[in-house]
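Summary of structural features
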There are 2 protein chains.
Amino acid sequence: MAGNVEKQTGGAGRRVTAADIARAAGVSRATVGFVLNDTPGQTISQDTRRRVLAEAERQGYRPHSAARALASGSSRIVLAVLPDWPMGFSMRTTLEAASLALQEQGRTLITHTPPHRAAARPLWEVLDPEAVLGFVPFTDEQARSLRASGVRRVLPDPGEPLPDFLTGLAEGPRLQVEHLAARGHRRLAFATPEEERVRSLAEERARTTREHAARLGLEPPQVHTLRIEDAADTVRAWHRAGVTGVVAYNDDTAALAVGTALRTGLRVPEDLAVVGHDDSPIASLFVPSLSTVYLDGDTLGRHLAALALRPDPTEAPELPSPLTLVLRESA
Amino acid sequence: MAGNVEKQTGGAGRRVTAADIARAAGVSRATVGFVLNDTPGQTISQDTRRRVLAEAERQGYRPHSAARALASGSSRIVLAVLPDWPMGFSMRTTLEAASLALQEQGRTLITHTPPHRAAARPLWEVLDPEAVLGFVPFTDEQARSLRASGVRRVLPDPGEPLPDFLTGLAEGPRLQVEHLAARGHRRLAFATPEEERVRSLAEERARTTREHAARLGLEPPQVHTLRIEDAADTVRAWHRAGVTGVVAYNDDTAALAVGTALRTGLRVPEDLAVVGHDDSPIASLFVPSLSTVYLDGDTLGRHLAALALRPDPTEAPELPSPLTLVLRESA
DNA sequence: ACCGACCACTAGCGCGCGCTAGTTCTGGGT
DNA sequence: ACCCAGAACTAGCGCGCGCTAGTGGTCGGT
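Residues numbered from 1 in each chain as written. Chains lettered and ligands numbered in written order. Predicted model: local features only at pLDDT ≥ 70, side-chain atom pairs only at ≥ 80, totals over all residues. Heavy atoms only, no water.

1. Looking at the relation of the copies chain B and chain A
- Note on the identical chains: chain B maps onto chain A by a rotation of 180° and an axial translation of 0.1 Å, with an RMSD of 0.2 Å. Read as a symmetry element, the transformation amounts to a two-fold axis. Considering only C-alpha atoms, the residue of chain B closest to the rotation axis is Ala66(B), which sits at 2.3 Å.
- A shared binding surface is used by both copies, with 100% of the interface residues of chain B retained as interface residues in chain A. (Least-squares fit on C-alpha atoms with pLDDT ≥ 70 in both. Contact = heavy atoms within 4.5 Å.)

Structure representation (structure tokens):
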């Protein structure tokens with residue numbers, strides 16, 4: 001066997017600790033810590049620094065995060081609790097931007113979608129994160145657990161009003177309604193999927209739809225759940241009722257509306273115009289391609305990171321609107 | 001202020017530790033540990049047990065996972081590194097099943113999609129997981145980092161042959177090819193998306209497609225990348241070359257193929273039959289609905305959990321084939 | 001009366017690391 | 001010759017928990 005590094009330290013497969021580095025470099029454990037963490041206020045000679053760094057590299061030292069978390073009192077982990085909505089392209093960009101911004105601050109973003117069957121212990125009790133970002137308000141039960149687990153910052157903060165990044169998520173219908181209104185549609189419907197899990201957001205968007213329809217002097221839009229089984233009935237009912245424009249909760253629902261309309265013999269967008277939401281890949285692939293609302297994930301992601309790490313929870317940074325309308329064939 | 005529990009322990013917001021419970025219950029810290037962990041081989045009186053449990057409940061005690069991980073030497077976390085493929089419905093079921101199975105063993109499954117821009121520290125160095133499941137083989141660099149981080153079980157194990165759960169992921173084309181062959185198609189094409197990230201799996205599936213086409217005495221299928229910009233050209237080229245059946249990498253690609261064929265004036269499935277893969281929701285929504293391959297996530301998930309926790313890495317459990325063909329309109 | 005077995009606990013180490021409170025060693029100023 | 005400031009370190013505590021090696025007490029058997 002080639003005399004590999006692990007063997008030299010003794011125990012087969014034992015992980016390399018800072019003490020190993022200290023011994024090998026002929027310094028104390030504290031010095032190793034100072035060098036590897038660039039601890040401010042410590043003066044270390046060039047020579048020692050080099051020796052420690054070289055030895056750490058040679059032995060492939062990786063600090064043990066549990067020990068670090070225990071000693072420092074912070075895991076440097078930020079947990080994003082994702083809702084179970086099919087994650088659109090925009091959401092992925094959002095999380096990636098947030099992740100990058102957090103990384104620059106030495107944090108690690110972990111995303112998590114809770115399983116339907118409630119976990120024995122919620123993930124934040126296991127990970128001990130520094131902050132938890134939810135995309136849906138937490139229940140009282142969850143809030144209690146979060147507090148007991150010592151999570152320092154929770155978003156949205158239970159008890160506080162919803163932060164704008166969440167209300168922003170429900171602002172899409174404004175663009176959808178405005179567009180349909182501009183095209184002369186007077187009677188709209190809001191279409192939502194059946195999924196229980198998206199209900200809270202769907203209701204929020206339905207509310208926004210009604211609000212802006214009222215503002216623009218349109219007929220009060222009806223809200224309908226679109227199911228694969230009876231979508232045809234719903235679409236026919238719309239047609240009979242004079243509905244010509246559909247605000248869809250997301251692109252999947254929009255796709256279902258458009259597909260059903262076509263099968264029912266309606267023309268899209270002539271007989272029924274549909275605007276989706278999320279700008280998911282299928283939006284452009286669908287025949288006809290879907291007009292939809294694009295969400296600027298980059299901006300939103302940075303905003304989220306800033307919210308999670310801001311030292312003073314009372315002062316929140318401003319969020320420029322991250323929504324844009326994408327015009328395609330379906331409306 | 002109502003005299004709340006936290007206040008009683010002293011420090012504002014300090015988290016409740018096992019020592020607090022011990023003090024309040026009038027027992028030693030060890031006893032608290034024995035009670036809360038049901039440590040085998042320890043005899044605790046009913047009375048004491050009740051007192052400790054009650055006190056833990058009253059104070060909302062949550063064990064500090066970092067400390068536990070440090071002391072026990074294991075984080076009880078299993079990390080699944082997901083590829084960046086759009087996560088189909090089947091994949092979600094797979095992960096959920098795996099998560100549940102792991103939970104029954106006291107483990108926590110954390111899923112993670114590495115960002116495109118490489119993270120400063122890969123997630124496993126931060127989380128210190130007990131096992132890491134990859135859906136794509138690890139690079140040498142990653143393998144080294146995994147070993148240095150003390151991860152006990154890595155799947156797929158670098159250096160070992162691919163486990164069947166991964167080769168199984170490439171078995172779908174067998175069903176796709178067999179179906180098309182049974183319908184009398186002699187000349188097939190394999191359609192893959194452009195995405196760099198799915199390339200390794202796409203190539204694997206292309207190989208399987210060729211293999212089974214050969215086995216069934218079909219013409220050697222050509223492999224084509226389907227891009228939105230020039231999909232029309234590709235589809236026309238297929239038609240000219242006498243290709244009548246398309247094996248698609250996934251449902252998105254199948255959707256693109258079908259959509260393009262329709263726009264080009266071809267009939268589906270009469271002129272071009274297409275079989276997708278993944279049974280994603282759009283597969284049934286699309287017009288015409290897509291024939292596709294369904295992957296039984298439940299079986300696969302349990303298998304994964306078993307692989308991650310099996311005590312002896314040399315003996316792997318059997319995996320029954322988790323694939324089924326779903327017949328719809330496109331083929 | 002004494003012993004051993006068993007029950008019901010407790011004292012305290014060790015996990016790996018961050019960090020405070022020293023300690024030793026220069027080298028320049030008086 | 002002495003002092004003292006600063007550079008360059010080190011000793012060792014504490015984070016919260018798991019767990020081993022005890023320790024006292026009770027009870028049945030001889």
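Let us keep going from here.
2. Describing the interface of chain B and chain A
- Listed as interface residues are 45 residues of chain B and, on the opposing side, 45 residues of chain A.
- Between chain B and chain A the total buried area reaches about 4300 Å² when both faces are included, carbon and sulfur atoms providing 56% of it.
- Taken together, the links from chain B to chain A amount to 6 salt bridges.
- Measuring nitrogen to oxygen at the nearest pair gives 3.9 Å for the salt bridge that ties Arg263(B) to Glu329(A).
- Counting across the interface, chain B meets chain A through 11 residue pairs in polar contact (both at pLDDT 80 or more).
- Taken together, the elements giving at least two residues each to the side of chain B that touches chain A come down to α5 (65–72), α6 (89–104), β2 (108–112), α7 (123–127), α8 (140–148), α13 (251–263) and α14 (281–285) of chain B.
- Among the elements that take part in the side of chain B that touches chain A, α5(B) stands out by supplying 6 residues, more than any other.
- Residues that form the side of chain B that touches chain A fall into these classes: 22 nonpolar, 12 polar and 11 charged. (Buried area = accessible area lost by both parts, 1.4 Å probe. Salt bridge = Lys/Arg side-chain N within 4 Å of Asp/Glu carboxyl O. Polar contact = N/O pair within 3.5 Å; in protein donor to acceptor, adjacent residues only side chain to side chain. Helix = DSSP H or I, 4+ residues; strand = E, 2+ residues; numbered from the N terminus. Nonpolar A, V, L, I, M, F, W, Y, C, P; charged D, E, K, R; others polar.)

3. Description of the sheet that holds strand β6 (residues 222–225) of chain B
Residue and element names in this part refer to chain B.
- Taking strand neighbours across the sheet as the criterion, the 4 strands line up as β6-β5-β7-β8 in an open arrangement whose pairing is parallel. Each of the sheet's edge strands pairs with one partner strand only, and the pair in question is β6 and β8 (273–275). In this sheet, neighbouring strand axes are inclined to one another by 25° on average, regardless of whether the strands run parallel or antiparallel.
- Pairing analysis gives 4 bridges linking strand β5 (residues 188–192) to strand β7 (residues 245–248), with the strands arranged parallel. Each bridged residue has a counterpart across the sheet, and for Ala191 the counterpart in β7 is Ala248.
- Packed onto the sheet, helix α11 (residues 199–215) meets β5, β6 and β7 and runs at close to 170° relative to β5.
- Running over the sheet, helix α12 (residues 231–241) touches β5, β6 and β7 and is turned about 160° from β6. (Pairing = 2+ DSSP bridges. Axes fitted to C-alpha atoms, helices over the stretch in contact; angles between N-to-C directions.)

4. Quick word on the protein's contact with DNA strand D
- Around DNA strand D, the structure places 24 residues, and the nearest of them are Ser28(A), Thr31(A), Ser45(A), Ala18(B) and Tyr61(B).
- The sugar-phosphate backbone supplies 60% of the atoms of DNA strand D found within 4 Å of the protein.
- In this structure, Ala71(A) approaches DNA strand D through a main-chain N or O atom, which is 3.5 Å from a base oxygen.
- One nitrogen or oxygen atom from the side chain of Tyr61(B) is found 2.5 Å from a phosphate oxygen belonging to DNA strand D.
- The set of elements that each furnish at least two residues to the surface near DNA strand D consists of α3 (29–37) and α5 (65–72) of chain A together with α3 (29–37) and α5 of chain B.
- Of all the elements, α3(B) adds the most residues to the surface near DNA strand D, at 4 residues.
- For the surface near DNA strand D, the per-class residue count stands at 12 nonpolar, 10 polar and 2 charged. (Near = heavy atom within 4 Å.)

5. Comments concerning the protein's contact with DNA strand C
- In the vicinity of DNA strand C lie 26 residues, with Ala18(A), Tyr61(A), Ser28(B), Thr31(B) and Ser45(B) positioned nearest.
- Near the protein, meaning within 4 Å, the atoms of DNA strand C are sugar or phosphate in a fraction of 59%, with bases accounting for the rest.
- At 3.5 Å, a side-chain N or O of Gln42(B) approaches a base nitrogen of DNA strand C.
- Between DNA strand C and Thr48(B) there is a distance of 2.8 Å, counted from a phosphate oxygen to a side-chain nitrogen or oxygen.
- Looking at the surface near DNA strand C, the elements that each hand over two or more residues are α3 and α5 of chain A together with α3 and α5 of chain B.
- Taken together, the residues of the surface near DNA strand C break down into 13 nonpolar, 10 polar and 3 charged.

6. Some remarks on the pairing of strand β1 (residues 77–81) of chain A
Residue and element names in this part refer to chain A.
- Across the 5 residues that make up β1, a large majority, 5, are buried.
- Relative to strand β2 (residues 108–112), β1 runs parallel, the two sharing 5 bridges. The partner of Val81 across the bridge, within β2, is His112.
- Bridge count between β1 and strand β3 (residues 131–134): 4 bridges; the pairing is parallel. Note on β3: the bridge partner recorded for Val81 is Gly134. (Buried < 20%, exposed > 50% of the residue type's maximum accessible area, 1.4 Å probe, protein only.)

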